[in-house]
Amino acid sequence: MRTTKVLALCLVLLLAGTFSITAGGQQEAEEAGPITLTVAAGAVGQELVLAKEAATAYMSMNPDVEVIVLETPDLTTDRLGLYLQYFEAQSGVVDIYQIDVIWPGDIAEHLVDLNQYGAASVAADHFPAIIENNTVDGKLVAMPWFTDAGLLYYRADLMEKYGFSEPPATWDDLEMIAEKVQAGERAAGNQDFWGFVWQGNSYEGLTCDALEWVVSMGGGNIVEPDGEITINNPKAAKALDMAAGWVGTISPEGVTGFGEEDARNMFQAGNAMFMRNWPYAYSLGNAPDSAISGKFDVVPLPAGDSGRGAAALGGWQLAASKYSENVEEAVDLLMYMTSYEEQKRRAIVGSYNPTIKGLYSDAEVLEATPFFGSLYDVFVNAAARPSTVTAPNYAEASKIFFSNAHDVLTGKQSGAVAVRNMALDIEDLIK
Amino acid sequence: MINKKSKLAGQIIFWLLIVVMFIYLVFPFYWTIVTSLKTENQLIMTPATFIPRDPVTKDISITFQNYGAVFRNDTFVRGIMNSAIVSFSVTVLALVFGSFGAFALGKLRFRGRTFSLYLILSMTMFPQISVLTGLYAVIRALSIPARTSMILSYMLFTLPFTIWVMTSFFKKLPDSLLQAANVDGATSFQAFYMVLLPLTVPAMVTTGLLAFIAAWNEYLFALTFTSIQSSARTVPVAMALFSGEIARQEPFGEIMAASVIVTLPLLVLVYIFQKRLVEGLTAGAVKG
Amino acid sequence: MSQHRLERSEQKLAMLLLIPSFLVIFLIAFYPLGSVFVTSFTNRTFASSVETETVGFDNYRKLLSLKIMKLEPIFDPDTGLQAIDDFSGEPAYQDPIDLLPRDPFRYKPLREFDLFGTRYVYAATDPKFIQSIEDTLFFTLTSVILETIFGMMIALIMIKNFPGRGGLRVAMLVPWAIPTAVSSRMWEWMFASTRVGVFNVIAQWMGYTDGQFPFLTDASTQIWAMIAIDVWKTTPFMALLLMAGLQTIPMEVYEAAYIDGCGAIRRFTKITMPLVKHTLLVALVFRTLDALRVFDLFQIVFAQKRYSMASFSYYQLIDNKMMGYSSAASVVIFFIILFFILLYTKISGGIQND
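The model shown is predicted, which means the values in this text are computed figures rather than measured ones.

Participant: It is not clear to me how the interface of chain B and chain A should be interpreted in this structure. Could you clarify?
Facilitator: Interfaces are often sized by the accessible area lost when the parts come together. Residue-level contacts link 43 residues of chain B with 50 residues of chain A. If you look at where chain B meets chain A, you find one salt bridge. Between Glu-40 of chain B and Arg-264 of chain A there is a salt bridge, and its shortest N-O distance comes to 2.7 Å. Viewed at the interface, chain A and chain B are joined by eight residue pairs in polar contact (both at pLDDT 80 or more).

Right under this line is the structure:
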């Protein structure tokens, strides 16, 4: 009998102990104003500051609303995983989600149709490609917040040194210049120098890069907006074979393990002539202590057989949760955060690429970030990944695409076999 | 004569082994420290240097900016507190419940011993990701606060571990101890905590340390359960939230600085307990 | 009569002592684990209102179906000899994609092999999962064996009395103390494919490579790099447990054996091994269990180049939202783990017998 008592006492004490330790934090989270809106945004330094400033500005205009900005992991799969747990639980704890450009189709059923709240009138001001991307079955499920597109970075100083006057207009030009500069720089003693670095790891980033090659070659958009699977064609195969030819010649063998940061690290250390990357690398490369500060420039990616270059569309949107307890207020906040003024502020303070066409001719914006003007065409013509048409299976479709492309890069299969496998697998998936 | 020579050779091999093992186990941590003392430009320079050096002049140049940035991060500093509370509670609970269970499974005769052992182990035989959704549903249904939910869910992997390890130790203790105590008029439970339990201290310290560290380092559950209640975030979650000034930029130096900082308290803990780890041995008694 | 009462009281005490553990199991494990089993027989979509249907063993069939088929050689119509494949430069065979069945699930080639002069294709309905099983098993077996050997060596060293052992014991535990999420990234950085990575610097310095070797993408080094990381990370775990096991060996036994003139190896196999057998068994069970469930290491270092079984399950759930399919993969992992545990206990003569 005594044993039982001792045991029971232990249990009670321990449980009471843990609950009392943990009770403190709970109360502070539940403290609330009349209406609390929670925005799940990125954890990135400046991005978070900008979001919090927007929240403060909004609260001063709407004193009855309290806005909480919640940090979420910068790692995209972790963030998606977290969002999905909320959606699965149909939880209203988060009112506004920051979502990737490839997610609207996959998670549309949990999001509010913004057209019903008067977003249609503003939508026309934004880039049509993004609005189309965010429209699922006629419902506008997310407002564009900022955009992103693939760019070609090149070393202007080395162009001059080796007697090239124009940045490469075609992939052939790029290969030629890269080869020559690489050979020259290595002869001059930099054994770590490479011609061209890009994102070749087996992940979503490769889908962007490979889509750019395929589109520039005229090989279609993998799956067209009408649902037709077009990837199985010789032009697409040629595009992949072309990239496979770079590996080990103008690009390091290790490029098949590269993400954005690996490429930037190499370019910024002064060890690469060309780099395919997103606009973020621009301001970092021009930081005062950077080895290449002031020595490089950006242009649109080179053209392939189609005669045009292509840039993959990236960027983030804001969406309102269907499970929110204050949908109307949430949409109001969302519309504020994606408005002309807000995007202008973000463009000037943080060089976030606006999604509103008018901002690319706004004098104040152009003064702060001059390269916006010359890249307007790149952003407006950026190729969207086929995420909405393949929804809700985009992630798998993309995986089929990038893992087959990766096998081409590592020499496991030819481009022709790869595009056939892609077509067959995607057909199995979405038919 | 020959014996002496072979003994000397044995000594040399012994020390050589220690050195090799030591390098393998410690070099990555050394590299972590070096990395944390480098700026981004020093990190990306080629070839990598074994001591932080300036990319241009090649002089030794050490920076503490990464550490400054880590300590300015409130989430991280609070994270250390949270991790300590959660890991400590998990360890205590697992050791108490575990030693109860292990005594029953290792020393008492009853039906279903083997079955119970397997049942307990089966808690931890699924990948974490697949039980996460169900667990999150339970936690929401019972509206358990974030820290408590971490403490409870970490039992999923710490409890089976403590029970299995402790059971194997209880089993090694001679039955005569228990019988002697019974003869002296002690109940089985008294025999357990007055006679047997003190004998398993090295095992308790070992399992406790391993369980503590496992709980300290858990990420996936913590990320989900603390996502709303940000004040309860633990260290691994806080570290996952580290990011550069600009999206996509990864502050590698800061992450490394943070990992040095979170590892140090654990090492102090190990140093305090390391004597207890070998308590059962008379020093130097085992001859190789 | 008294004996009987003693047994009954022991039984009662055992039940009481196990209550807390079973309470925990009931509270936090019963529903989540049970629902994984149940979900694995459905086509449930994660975070979606799509109607869930029971699909029987479909998920398992799709995960695990294998097929081996013979491939016919292709002859060049002009020469009458076997044609040469343009891409590989080797004799050409029929394309397996045309040959393999497509209903109800399409079989995809995993690899081709020759046997007695005939070419065969080894195909699976989900080659990525089959590949992940093969990779995870290889990874687990190799790293657990190495960890056990190293762990035993370290444990034998660490229980000795020598100057500086306290510091060494602390140093030994460092790898286990660093969160995997961080240490994996550290190793990824050390294995970098250029000379920012320390291994490329060392390899070049020793004259093996030109400082540009892609350790993590080259098929011959990929898995070994993973094993090196895992062995580094978990050897301390093994060493610490074995150390605890070693010290319950009564010293008199050793002394006696020493006086009897037993050699070091004999002492190890005859005395040390049988006595640490139990601890070793437990350590092996938990290491194997963790290695078979390896997740963050593969997710961080390999992205989606190669999968472990658990990272496959993760991507099926989070990326593809195929909860039923992902659960089925987890159940397969569960049974593979169970198989290993039963195997260990069988070899060591049962967990209950001494």
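Participant: What am I meant to see in the pairing of strand 1 (residues 35-42) of chain A here?
Facilitator: Consecutive side chains along a regular strand alternate between the two faces of the sheet. All names here are of chain A. Of all the eight residues making up strand 1, seven are buried; the element is thus mostly covered by neighbouring parts of the structure. Both strand 1 and strand 2 (residues 65-72) contribute to a ladder of eight bridges, which runs parallel. Bridge pairing in strand 2 places Ile-35 opposite Val-65. The parallel pair strand 1 and strand 2 is bridged by helix 2 (residues 45-61), and the resulting crossover is right-handed. Examined bridge by bridge, strand 1 and strand 3 (residues 96-100) share two bridges and lie parallel to one another. The partner of Ala-40 across the bridge, within strand 3, is Tyr-97.

Participant: What is the right way to read the nonpolar core from this model?
Facilitator: When a protein is soluble and globular, its nonpolar side chains tend to lie buried together. With 335 residues, the main nonpolar core has Trp-213 and Ile-231 of chain A together with Phe-76 of chain B as its most contacted residues. Per-element accounting of this core gives the leading share, 16 residues, to helix 8 (residues 222-246) of chain C. Not counting residues up to four positions away in its chain, the partners in contact with Ile-231 of chain A are Val-214, Ile-222, Ala-236, Phe-401, Val-419, Met-422 and Ala-423 of chain A.

Participant: Explanation requested: the sheet that holds strand 1 (residues 66-71) of chain C in the structure shown.
Facilitator: Within a beta sheet, neighbouring strands are joined by backbone hydrogen bonds and run either parallel or antiparallel to one another. Residue and element names in this part refer to chain C. A sheet is described by the order of its strands in space; here three strands give the open sequence 1-3-2, paired in antiparallel fashion. Both edges of this open sheet fall to strand 1 and strand 2 (108-115), since each of them pairs with a single strand only. Neighbour-to-neighbour, the strand axes of this sheet turn through a mean angle of 25°, independent of strand direction. Relative to strand 3 (residues 118-124), strand 1 runs antiparallel, the two being bridged by six bridges. Within strand 3, the residue paired with Leu-66 across the bridge is Ala-124. Of the strands in this sheet, strand 1, strand 2 and strand 3 are in contact with helix 4 (residues 127-158), which crosses strand 2 at around 60°.

Participant: Mind showing me how you'd approach the packing of helix 10 (residues 264-292) of chain C against helix 13 (residues 323-347) of chain C here?
Facilitator: Describing two packed helices takes the angle between their axes plus the distance from one axis to the other. Residues and elements named next belong to chain C. The N-to-C vectors of helix 10 and helix 13 enclose an angle of 160°; their axes lie 10 Å apart at closest approach. As far as their axial angle goes, helix 13 and helix 10 are roughly antiparallel. The way helix 10 lies across helix 13 gives a crossing that is right-handed. Contacts between helix 10 and helix 13 involve Leu-281, Leu-284, Val-285, Thr-288, Leu-289 and Leu-292 from the former and Ile-333, Ile-336, Ile-337, Phe-340, Ile-341, Tyr-344 and Thr-345 from the latter.

Participant: How should I be thinking about the pattern of salt bridges in this particular structure?
Facilitator: For the structure shown, the criterion picks out 34 salt bridges over all chains. With a closest N to O distance of 3.8 Å, Lys-399 of chain A and Glu-396 of chain A form a salt bridge. One end of the pair, Lys-399 of chain A, and the other, Glu-396 of chain A, are both in helix 18 (residues 394-409), three residues apart, so they sit about a helical turn from each other. Its salt-bridge partner being Arg-293 of chain C, residue Asp-290 of chain C comes within 3.0 Å of it at the nearest N-O pair. Three or more residues are tied together by salt bridges with common partners; here these are Glu-147, Asp-230, Arg-287, Asp-290 and Arg-293 of chain C.

Participant: Can you walk me through the environment of Val-201 of chain C in this structure?
Facilitator: Summarising the element assignment, Val-201 of chain C is placed in helix 7 (residues 198-205). Those residues in contact with Val-201 of chain C that lie beyond four places of it in its chain are Pro-47, Ala-48 and Phe-50 of chain B together with Arg-195 of chain C.

Participant: Looking at this model, I keep getting lost on the pairing of strand 7 (residues 151-155) of chain A. Mind explaining?
Facilitator: All names here are of chain A. Counting buried positions along strand 7 yields five of five residues, so the element is predominantly enclosed. In strand 7, alternate side chains face the same way, and those of Leu-151, Tyr-153 and Arg-155 on one face and Leu-152 and Tyr-154 on the other are all buried. Pairing geometry for strand 7 and strand 9 (residues 272-277), over four bridges, is antiparallel. Of the residues in strand 9, the one forming a bridge with Tyr-154 is Phe-274. Bridge analysis of strand 7 against strand 10 (residues 296-299) gives four bridges, and the strand direction is antiparallel. Counted as the bridge partner of Tyr-154 is Asp-297 from strand 10.

Participant: Just checking my understanding: could you explain the side chain of Thr-279 of chain C for this structure?
Facilitator: Along the polypeptide, Thr-279 of chain C turns up in helix 10. A relative accessible area of 2% places Thr-279 of chain C in the buried class. When sequence neighbours within four positions are dropped, the list of residues in contact with Thr-279 of chain C reads Ser-168, Phe-169 and Lys-172 of chain B together with Leu-241 and Gly-245 of chain C.

Reading the values: rules and limits
- Residues numbered from 1 in each chain as written.
- Chains lettered and ligands numbered in written order.
- Predicted model: local features only at pLDDT ≥ 70, side-chain atom pairs only at ≥ 80, totals over all residues.
- Heavy atoms only, no water.
- Contact = heavy atoms within 4.5 Å.
- Salt bridge = Lys/Arg side-chain N within 4 Å of Asp/Glu carboxyl O.
- Polar contact = N/O pair within 3.5 Å; in protein donor to acceptor, adjacent residues only side chain to side chain.
- Buried < 20%, exposed > 50% of the residue type's maximum accessible area, 1.4 Å probe, protein only.
- Helix = DSSP H or I, 4+ residues; strand = E, 2+ residues; numbered from the N terminus.
- Pairing = 2+ DSSP bridges.
- Right-handed = clockwise from strand over helix to strand, strands pointing away.
- Core = buried A, V, L, I, M, F, W, Y, C linked by side-chain atoms within 4.5 Å.
- Axes fitted to C-alpha atoms, helices over the stretch in contact; angles between N-to-C directions.
- Parallel < 35°, antiparallel > 145°, perpendicular 65-115°, else oblique.
- Left-handed = near helix turned anticlockwise from the far one by under 90°.

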